[in-house]
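Reading the structure
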Amino acid sequence: MSRYRLELSKSSKKFLDKSDRITRGRIINVIHALTENPYSYPGIIKLTGYEDTYRVRIGKYRVIYQVVNNLLLIFIQDIDSRGDVYKQLWKYNYIFLCSLINSPNNVYHRIFLNSR
């Protein structure tokens, strides 16, 4: 199986930077495990209403990520505590999809319009 590339959002990087060493290590281990197969790690749930967007539970923290299979890419949208991680989800989904859109006929443009 091919290995997926990782991209982290600015808020994900910021969260990892300010986390303690133990928490950071646990989250990084899970994120690296996702590069092998982003669908089979324990605790993964597909988020309803979003195209190819998943969350994985790591203790009291949640990692929200999006999988783009044709690019072999995992985009980590946000990492935060259980109560705060879902508040900005629509914003990250919109920003990520807009970054992939080259033209209105692009498949990601149609996915975004259908998911709203």
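These lines cover the structure that appears in this document, whether it is placed above or below. (Residues numbered from 1 in each chain as written. Predicted model: local features only at pLDDT ≥ 70, side-chain atom pairs only at ≥ 80, totals over all residues. Heavy atoms only, no water.)

**Some points on the overall build of the chain**
This is how the line gets drawn: In DSSP terms, a helix is any run of H or I states spanning at least four residues, a strand is any run of E spanning at least two, and both are numbered starting from the N terminus. Here the term buried applies to any residue with accessible area under 20% of the maximum for its type, exposed to any over 50%, and partly exposed to those in between, with areas from a 1.4 Å probe on protein chains only. What makes two residues a contact is simply this: any of their non-hydrogen atoms within 4.5 Å. Methods summary: accessible areas were calculated by the Shrake-Rupley approach with a probe of 1.4 Å, and residue burial reflects only the protein chains presented.
Within the chain, the regular secondary structure consists of four helices and five strands. Across the 116 residues that make up the chain, the buried fraction comes to 40%. Partitioning the intrachain contacts of the chain with sequence separation of at least 6 by distance along the chain shows that 49% fall at a separation of at least 24. Of the roughly 7000 Å² that the chain leaves accessible, carbon and sulfur atoms contribute 51%.

**A closer look at the sheet that holds strand 1 (residues 5-8)**
Defined as follows: Two strands qualify as a pair provided that DSSP identifies no fewer than 2 bridges between them. Here, axes are lines fitted to C-alpha atoms. For helices the fit covers the stretch in contact, and angles between N-to-C directions go from 0 to 180 degrees.
Within the open sheet, the five strands sit side by side as 1-5-4-3-2. Their pairing is mixed. With partners counted over all chains shown, the strands left at the sheet margins are strand 1 and strand 2 (44-46), one partner each. Averaged over neighbouring strand pairs, the angle between their axes works out to 30° when direction is ignored. Two elements, strand 3 (residues 53-58) and strand 4 (residues 61-68), share six bridges in a ladder whose sense is antiparallel. Residue pairing in the sheet places Ile58 in a bridge with Tyr61 of strand 4. Strands strand 1, strand 2, strand 3, strand 4 and strand 5 (73-81) of the sheet are contacted by helix 2 (residues 21-34), whose axis makes an angle of about 140° with strand 3.

Interpretation note: all reported values are geometric properties and have no functional meaning in isolation.
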